[in-house]
Number of protein chains: 2
Amino acid sequence: MTATIQDAAALDARDSLAPLRERFHIPDELIYLDGNSLGMMPKHVPERVQNAMTAQWGTDLIRSWNTHGWIDLPARVGAQIARLIGAEAHEVIACDSISVNLFKLLSAALKLRPDRRVIVSDIDNFPTDLYIAEGINAMLGGQYELRFVKRDRLEAAIRDDVAVVMLTEVDYRTGERIDMKALTARTHAVGALTIWDLAHSAGAFPVRLNDCNADFAVGCGYKYLNGGPGAPAFLMVAERHLGTAMPVLSGWMGHAAPFAFDPAYTPDSTVRRLTAGTPSVIGMTALEAALEVFDDVDMNALRQKSLALTDLFMELMQPLEAQYGFKLVTPRDHARRGSQVSYTHADGYAIMQALIETKVIGDFRAPDIVRFGFTPLYTSFQDVENAVKRLTEVMSTRRYAEPRFQVKAKVT
Amino acid sequence: MTATIQDAAALDARDSLAPLRERFHIPDELIYLDGNSLGMMPKHVPERVQNAMTAQWGTDLIRSWNTHGWIDLPARVGAQIARLIGAEAHEVIACDSISVNLFKLLSAALKLRPDRRVIVSDIDNFPTDLYIAEGINAMLGGQYELRFVKRDRLEAAIRDDVAVVMLTEVDYRTGERIDMKALTARTHAVGALTIWDLAHSAGAFPVRLNDCNADFAVGCGYKYLNGGPGAPAFLMVAERHLGTAMPVLSGWMGHAAPFAFDPAYTPDSTVRRLTAGTPSVIGMTALEAALEVFDDVDMNALRQKSLALTDLFMELMQPLEAQYGFKLVTPRDHARRGSQVSYTHADGYAIMQALIETKVIGDFRAPDIVRFGFTPLYTSFQDVENAVKRLTEVMSTRRYAEPRFQVKAKVT
């Protein structure tokens, strides 16, 4: 659709996903456009966590591993996520953080291409992805070329000396979405493997890992999946690699028989081989509960709403681009973006601080990007309209120029 | 002290730590001797977690990283643990699992001894410790000798070709405690480095890492520290290695400036360099709260109570050894044990299942070990007396021979 300025209330009234907003705890008057950093809390999650604390841990104690199914939590949560990312349930498991999971998958993928010595990524990838490749290379004595290039040079960088291409589907700064299918095909054409980071994809729109023939993926539990701060991450291994992807982070939970206490490591035959230590039961319980919000959600409808929200936002922002110097860095093309919209502005940091004071929460990414995330589960069209109204007021009054907005907080 | 059978109630009445028991949620009639597997829940923890969910995540959302100090949680919790393990606050940080932390520390330690190719451990070490060494060696092309030997051959195995000696201070099966000071000295004498696994030490008795001149350590948050199922683990780096121990699991949280989003990795100068991804805020909050129980605890008094509990247990068990074939595998010598007592018995699995039915919870470790953990914070002398009474009844009635106790549960 082409966005036209319409009455936001009317758009909300016609929105089939609108009732989902009621399932989230939304503080008074808050317009939260930062679900791409930390998702909002579904209302039912605290009670579920409370139950895991008092009825499970507190009362049934160690027996809960069996009686409350703690041992199967990582696989259960993985199966919930699988549908959202276009994978099979047995290809996905929840565990650790994205950084740790990238380490596991990249080291395993490199072993599957033993004669190649190049890792390709986007130099503007989320830094942890690059750091992990750097760490693996340091551990291996620097024998790899880390071919980190600007996005427009990616295709050219993927040549037949490449072992692994690791990319994030949606850029955390610009919101630009890579063509996963084309890049995967290009990677396979030269005999290399892909690792996709779905941090800004999973839960934001329907990801199609198997349709794209992806090899491996990682993703985040606390952004669009709303699993809570520091929620467990997840990883995906395509079925064809399940038997050959060898874990180097070979902890006891990935052993074929963890409770046999065998001194020699034998990887489990399933995706569980890529887990390491004891999972965070409390964090995993929060994520499991949060994912239930997606149970009856049509992911294509979710995507349509996401595009309508972001189209409306871009349209309403056009006068501010012209008048106040915001520059859109997110592609307008639907196929080329995720569920966030970003602008550059020289005063971006102060503007975002002033906007937050008006109870519109987005975030800032150095050096000059203001970032707005739209979570179709709880963001309304009226949120979009009101956010732009409040930003217009921040700009027209120049309130952002007040000294108190210039001081950078520790975390932004 | 030499244990003599005394009135357990009188011992409880004289126990200066007895009031701490009131701080834990103890289900009716339950005698819980499995705190070495999963510690009991301090009563105040659920409310603290609830607050982190609703007031922090739910209401303040992303701003909580600053306003509720989430960003400093790993270091704060590390500082709480430092006192219990004889380290300085700035040497300890809470993060990830033991398996992941061992991977970080072992890979870093090996780089500090680049000319050596031997890793020494106890073949009866907790399997994950051995598996992690195996995984690192596989990643490095099998260039290391994994010199995993029986405990009585450890000293002989530590020769001048050794890079790292990784040991668990207290054996998870037998409860035997290694002389950390002597083994560390022996390791340093040949120019190697130590990694101590404190899974069954931290919170069980005063550990003296710096007094022993230890190099590195890892430990568990969910056993004697009572942080809840799958609680974050911790790691310790001796101050002299803080600047040189290089993380290969180089995630963004360990970067010198995580929010600068620099594409090149620069490790933080502090122990934070050994963190990787975003910490589990909810799990970390539970652990932080749980650790407050230790605030005013004299760790030497804790050790004295632990020894009195285990002495009494061993003494009361002597008739069962003689009559029913239990064989003590834990050293009687105070200096040579932690806070658990283990016996072998051919029918160990069924006996433990039958005992659990009487609401005495210990656990079983293959092939034939029944294991009883004593947590001085909440285990009473009357618990000890009643546990042995109920076990005596299980044995005298031969109830354990009933078929329903023979079927192994998934997790034991």
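### A closer look at the sheet that holds strand β2 (residues 92-94) of chain A
Backbone hydrogen bonds are what pair the strands of a sheet, in a parallel or an antiparallel way.
Residue and element names in this part refer to chain A.
Consideration 1: Within the open sheet, the seven strands sit side by side as β2-β8-β7-β6-β5-β3-β4. Their pairing is mixed. Two strands lie at the open edges of the sheet, namely β2 and β4 (145-149), each paired on one side alone. Here the strands of the sheet are splayed against their neighbours by 15 degrees on average, with no regard to which way each runs.
Consideration 2: Relative to β4, strand β3 (residues 118-122) is paired through five bridges, and the arrangement is parallel. When the sheet's bridge partners are listed, S121 is paired in β4 with F148.
Consideration 3: Where helix α5 (residues 98-112) meets the sheet, its contacts fall on β3, β5 (162-168), β6 (193-197), β7 (216-219) and β8 (234-237), and the angle it forms with β7 comes to roughly 170 degrees.
Consideration 4: Contacts between helix α8 (residues 180-189) and the sheet are confined to β5 and β6, with β6 contributing the most and set at about 155 degrees to the helix.

### Topic: the sheet that holds strand β6 (residues 193-197) of chain B
Residue and element names in this part refer to chain B.
Consideration 1: An order of β2-β8-β7-β6-β5-β3-β4 is seen for the seven strands of this open sheet, with the pairing classed as mixed. A single partner strand is all that each edge strand has here, and the edge strands are β2 (92-94) and β4 (145-149). When strand polarity is set aside, the average angle formed by the axes of neighbouring strands in this sheet is 15 degrees.
Consideration 2: Bridge analysis of β6 against strand β7 (residues 216-219) gives three bridges, and the strand direction is parallel.

### Some words on the pairing of β8(A)
Residue and element names in this part refer to chain A.
Consideration 1: Residues of β8 alternate between two faces, with F234 and M236 on one and L235 and V237 on the opposite face, all of them buried.
Consideration 2: Of the strand pairs in this sheet, β7 and β8 are connected by four bridges, and their pairing is antiparallel. Within the sheet, the bridge partner assigned to V218 lies in β8 and is L235.

### Digging into the interface of chain A and chain B
Consideration 1: Contacts between the two partners involve 86 residues from chain A, matched on the other side by 86 residues from chain B.
Consideration 2: Together, the buried faces of chain A and chain B total about 7200 Å²; carbon and sulfur atoms form 70% of this surface.
Consideration 3: On the chain A side of the interface with chain B, the three residues burying the most area are W57(A), Y131(A) and M139(A), jointly 11% of the side's total.
Consideration 4: For the pair chain A and chain B, the number of links is zero salt bridges.
Consideration 5: One can count 22 residue pairs in polar contact (both at pLDDT 80 or more) joining chain A with chain B.
Consideration 6: Secondary-structure elements contributing two or more residues to the side of chain A that touches chain B are α2 (45-60), α3 (64-67), α5, α6 (127-139) and α9 (281-291) of chain A.
Consideration 7: Considering each element in turn, the side of chain A that touches chain B owes the most residues, 10 residues, to α6(A).
Consideration 8: Grouping the amino acids of the side of chain A that touches chain B by side-chain chemistry returns 51 nonpolar, 25 polar and 10 charged.

### A closer look at the packing of aromatic side chains
Consideration 1: Evaluation of the coordinates by the stated rule reveals 31 aromatic pairs over all chains.
Consideration 2: Seen in terms of ring centroids, F126(A) and W252(B) are 5.2 Å apart; in terms of plane orientation they differ by 75 degrees. Their pairing is edge-to-face. Here F126(A), found in the loop between β3 and α6, pairs with W252(B), found in the loop between β8 (234-237) and α9 (281-291), and the two come from separate chains.
Consideration 3: By relative accessible area, which is 18% here, F126(A) ends up buried.
Consideration 4: Residue class for W252(B) comes out buried when judged on its relative accessible area of 11%.

### Quick word on the side chain of N226(A)
Consideration 1: With respect to the helices, strands and loops of the structure, N226(A) is situated in the loop between β7 and β8.
Consideration 2: The residues contacting N226(A), other than those within four sequence positions of it, are F24(A), G39(A), M40(A), P42(A), G221(A), A290(A), F294(A), L377(A), Y378(A) and W57(B).

### Some thoughts on the relation of the copies chain A and chain B
Consideration 1: Each copy of the sequence occupies a distinct position, and chain A is placed on chain B by a rotation of 180 degrees and an axial shift of 0.0 Å, giving an RMSD of 0.0 Å. These values place the two chain copies in the arrangement generated by a two-fold rotation axis.
Consideration 2: A high fraction, 100%, of the interface residues of chain A reappear at the interface in chain B, so the copies pair face to face through one surface.

### Details of the packing of helix α11 (residues 348-357) of chain A against helix α12 (residues 381-396) of chain A
All names here are of chain A.
Consideration 1: Contact pair α11 / α12: the axes reach a minimum separation of 10 Å and the direction vectors enclose 120 degrees. Between α11 and α12, the interaxial angle falls into the category oblique. Judged by the sense of rotation from one axis to the other, the crossing of α11 with α12 is right-handed. Touching I351, A354 and L355 of α11 are A387, R390, L391, V394 and M395, all from α12.
Consideration 2: Taken together, the residues of the contact of α11 with α12 break down into seven nonpolar, no polar and one charged.

### A short note on the confidence of the model for chain A
Consideration 1: Taken over all residues, the pLDDT of chain A has a mean of 96, while the share at 70 or more is 98%.
Consideration 2: In the predicted complex, the global pTM is 0.97; the interface-specific ipTM is 0.96.

### Observations regarding the environment of T379(A)
All names here are of chain A.
Consideration 1: Along the polypeptide, T379 turns up in the loop between β13 (369-373) and α12.
Consideration 2: Overall, the relative accessible area of 1% leaves T379 in the buried class.
Consideration 3: When sequence neighbours within four positions are dropped, the list of residues in contact with T379 reads R21, Y32, L33, K305, L309 and F374.

### Comments concerning α6(A)
All names here are of chain A.
Consideration 1: Under the 1.5 Å per step criterion, the end-to-end length of α6 is 18 Å for 13 residues, consistent within 8% with the ideal 18 Å.
Consideration 2: Of all 13 residues in α6, 11 are buried, a share of seventy percent or more.
Consideration 3: For α6, every residue scored as buried is listed here: P127, T128, D129, L130, Y131, I132, A133, G135, I136, N137 and M139.
Consideration 4: One or two steps after α6, the chain reaches G141, where phi turns positive at roughly 80 degrees.

### Focus: unusual backbone geometry
All names here are of chain A.
Consideration 1: With omega at 5 degrees, the peptide bond leading from A366 into P367 counts as cis.
Consideration 2: Along the chain, P367 turns up in the loop between β12 (363-365) and β13.
Consideration 3: Within the chain, N226 stands out as a residue other than glycine whose phi angle is a positive 65 degrees.
Consideration 4: Given a relative accessible area of 0%, N226 falls into the buried group.

### Notes on the environment of R117(A)
Residue and element names in this part refer to chain A.
Consideration 1: Relative to the assigned elements, R117 resides in the loop between α5 and β3.
Consideration 2: Taking C-alpha positions, R117 is 31 Å from A82, a pair spaced 35 residues apart along the chain.
Consideration 3: The residues touching R117, leaving out its near neighbours within four places in the chain, are Q143, Y144, E145 and D161.

### Comments concerning the pattern of salt bridges
Consideration 1: This model, assessed by the stated rule, comprises 49 salt bridges over all chains.
Consideration 2: Two residues, E288(A) and R76(A), come together in a salt bridge whose shortest N-O distance is 2.8 Å. Separated by 212 residues along the polypeptide, E288(A) in helix α9 and R76(A) in helix α4 (residues 73-85) bring together distant segments of the chain.
Consideration 3: Note on E288(A): relative accessible area 14%, which makes it buried.
Consideration 4: Overall, R76(A) belongs to the partly exposed group, its relative accessible area being 33%.
Consideration 5: The shortest N-O distance in the salt bridge between E321(B) and R332(B) comes to 3.7 Å. Remark: R332(B) occurs in the loop between β9 (327-328) and β10 (340-344) and E321(B) occurs in helix α10 (residues 299-324); sequence separation between them is 11 residues.
Consideration 6: The class of E321(B) is partly exposed, set by a relative accessible area of 21%.

### What about helix α2 (residues 45-60) of chain B?
Consideration 1: Of all the positions in α2(B), only V45(B), P46(B), V49(B), A52(B), M53(B), Q56(B), W57(B) and G58(B) are classed as buried.
Consideration 2: Lining the buried residues of α2(B) we find α2 of chain A together with α3 (64-67) and α9 of chain B.

Calculation criteria
Residues numbered from 1 in each chain as written. Chains lettered and ligands numbered in written order. Predicted model: local features only at pLDDT ≥ 70, side-chain atom pairs only at ≥ 80, totals over all residues. Heavy atoms only, no water. Pairing = 2+ DSSP bridges. Helix = DSSP H or I, 4+ residues; strand = E, 2+ residues; numbered from the N terminus. Axes fitted to C-alpha atoms, helices over the stretch in contact; angles between N-to-C directions. Contact = heavy atoms within 4.5 Å. Buried < 20%, exposed > 50% of the residue type's maximum accessible area, 1.4 Å probe, protein only. Buried area = accessible area lost by both parts, 1.4 Å probe. Salt bridge = Lys/Arg side-chain N within 4 Å of Asp/Glu carboxyl O. Polar contact = N/O pair within 3.5 Å; in protein donor to acceptor, adjacent residues only side chain to side chain. Nonpolar A, V, L, I, M, F, W, Y, C, P; charged D, E, K, R; others polar. Phe/Tyr/Trp six-rings, centres within 6.5 Å; stacked < 30°, edge-to-face > 60°. Least-squares fit on C-alpha atoms with pLDDT ≥ 70 in both. Parallel < 35°, antiparallel > 145°, perpendicular 65-115°, else oblique. Left-handed = near helix turned anticlockwise from the far one by under 90°. pLDDT = per-residue confidence, 0-100. Expected span 1.5 Å × (residues − 1).

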